[in-house]
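Chains, contacts and geometry: an overview
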Amino acid sequence: MSEVADPAASQVVLIGVSEYRRLFTLPAARRNVTDLRDLLQHEDLWGVPPGNCHVLLDPESPAEVSRAIRKAASATGSDGLLLVYFAGHGLVDADDDNLILGLPGCDPEVPYERGVPYDWIRRAVADTRARRRVVILDCCYSGRAGSELGGDGTGTDFIADKAEAEGTCLLVSAPANRPAMAPLGEAYTAFTGELIRLLRDGLRPPPPETIPATLTVHTLWRAVRRAMLRRGFERPELRARDAGGEIALVHNPAAPRHNLAGSVLYAAPWFVDEDLGQRAILVLRHNQTGALGVCITRPDGDIPDEFPEAWRRLLRNPAMLFHGGPVARDGYIVVTLLRSGAPEPLRFTPVRDRLGTMALSASPEDVSGTVDAMRVFVGYLGWRAGELEEFLDRGALIASRHTARQVFTERPGELWQSLQAAR
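Below: a short report on this structure. From a predicted model like this one, the values you see are computed outputs, not experimental measurements. (Residues numbered from 1 in each chain as written. Predicted model: local features only at pLDDT ≥ 70, side-chain atom pairs only at ≥ 80, totals over all residues. Heavy atoms only, no water.)

1. Some points on the environment of Gly 382
Along the chain, the position of Gly 382 falls in strand S20 (residues 371-384). Gly 382 sits in the partly exposed class, given a relative accessible area of 45%. In this structure, the C-alpha to C-alpha distance between Gly 382 and Ala 5, residues 377 residues apart in sequence, is 32 Å. (Helix = DSSP H or I, 4+ residues; strand = E, 2+ residues; numbered from the N terminus. Buried < 20%, exposed > 50% of the residue type's maximum accessible area, 1.4 Å probe, protein only.)

Following this line, the structure appears as structure tokens:
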């Protein structure tokens, strides 16, 4: 479940109660819901269609809430995710100690009369064909919602494995007998504020950890928990079954924003670096684990005698060996540009559009009709996950607006200067 669910097959119900007649108001609850809606609808995070995202602000009737969840549960596809979120007051039924989600008319003495028993939500969520189900509760005593999932009812670090439905995950803001926090003057409640910050900014763990492509419920719980502990607030709880905690909620915005493979990057004039300073590079691979590229501005000498003669006729001037970088200088990287409309030959690995790399195990006779230009490099440059983005964010490296033809310029020694002049 590490991939984000199909947004078109998913349903989201966001319930926020800010106005109460017998309890103090929670203005942050409204902002919680509206900003979560905007984030979940953002194409770069999840992209839930507006028609699949249902917002209930200050609903008066428990039946209205129940109907909205049951309708969403019925509409969620098997490959989708059903997400239910509540922010407001949580109350405890004095007769059975169960959690009641407070609506505007709730009387704290008899909360069951105008509130929503969590059991209603549990039943509605269970009645869906979706394999992924997430419930997030930001309210006091929300840990009581986990009683039917199993657990000791007290351990704030507890992750139960006794949920009644496969792929179900419950994330709550506070333990069973503790209040949730809504700091005065802050835009959000404490728990949802940290959650929104993570969804918006993403998670970039320290090296050598790899930046995750998605943010799972378990990942969000751990990060929010750390942030809440730093602020001295109650620790949120997570309860899940059958890898429910590994349900991916959104794409990680701190991960590579887009695939830079095939891009030409060049160093800013102020950037001093032995391998990158006053250089231009071609990115050959870029993914969640990092990036790989070659310097395209450093001719390094004549083509060695052992280089196959049949390939030499395909090299673009200057027909020289290029210093690609300091890593793995014991083999060749042959960057290739195919002719427009030509089919991809065997042993060709595409990078972007007609640009790619060619393995020398291919037969030059088989590819000569499809190859427009070749350039040979020894060694390459490598970056860990997120490192190339850091160079771009700092402005140390700049993305050129052009790509393929720059790689094969006949004046590679002048390329960096011409890129600077074209800014």
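2. Focus: the packing of helix H1 (residues 27-41) against helix H4 (residues 190-201)
Where H1 contacts H4, the two axes come as close as 11 Å, and the packing angle between them is 20°. In terms of orientation, H1 and H4 fall into the roughly parallel class. The chirality of how H1 crosses H4 is left-handed. Residue-level contacts link Asn 32, Asp 35, Leu 36 and Leu 39 of H1 to Thr 192, Ile 196, Leu 199 and Arg 200 of H4. (Axes fitted to C-alpha atoms, helices over the stretch in contact; angles between N-to-C directions. Parallel < 35°, antiparallel > 145°, perpendicular 65-115°, else oblique. Left-handed = near helix turned anticlockwise from the far one by under 90°. Contact = heavy atoms within 4.5 Å.)

3. Some details on the pattern of salt bridges
Overall, the coordinates contain 20 salt bridges when judged by the stated rule. Where Glu 234 meets Arg 178, a salt bridge forms, and the shortest distance between an N and an O atom there is 2.8 Å. Taken as a pair, Glu 234 in the loop between helix H5 (217-230) and strand S10 (237-240) and Arg 178 in the loop between strand S8 (168-172) and H4 lie far apart in primary sequence, 56 residues in all. Via salt bridges that share partners, Glu 186, Glu 194, Arg 197 and Arg 231 belong to a single interconnected network. (Salt bridge = Lys/Arg side-chain N within 4 Å of Asp/Glu carboxyl O.)

4. Some remarks on helix H2 (residues 62-75)
Side chains that are three or four residues apart share a direction in an α-helix, a result of its 3.6 residues per turn. Helix length check: H2, at 14 residues, gives a terminal C-alpha distance of 20 Å against a target of 20 Å (1.5 Å per residue), a fit within 8%. Of the residues making up H2, those classed as buried are Pro 62, Val 65, Ser 66, Ala 68, Ile 69, Ala 72 and Ala 73. Taken around the axis of H2, the buried residues stretch over an arc of 160°, which confines them to a single face. Taken together, the buried residues of H2 touch strand S1 (11-16), strand S2 (53-57), strand S3 (81-87), strand S6 (116-117) and helix H3 (118-126). The distance from a side-chain oxygen at the start of H2 to the backbone nitrogen of Ala 63 is 3.1 Å, and the residue carrying that oxygen is Ser 61. (Expected span 1.5 Å × (residues − 1). Arc of directions from axis to C-beta. Polar contact = N/O pair within 3.5 Å; in protein donor to acceptor, adjacent residues only side chain to side chain.)

5. Let's talk about the sheet that holds S1
Judged by pairing direction, the sheet is mixed, and its six strands sit side by side in the order S2-S1-S3-S7-S8-S10 without closing on themselves. Here the strands that pair on one side only, and so sit at the sheet edges, are S2 and S10. On average, each strand axis in the sheet is tilted by 10° relative to the strand beside it, whichever way the strands run. Summarising the sheet, strand S7 (residues 132-138) and S8 pair through five bridges and their orientation is parallel. Paired with Ile 136 across the bridge in S8 is Leu 171. Contacts from H4 reach S3, S7 and S8, with the element oriented near 135° to S7. Seen against the sheet, H5 touches S7, S8 and S10 and runs at an angle of roughly 160° to S10. (Pairing = 2+ DSSP bridges.)

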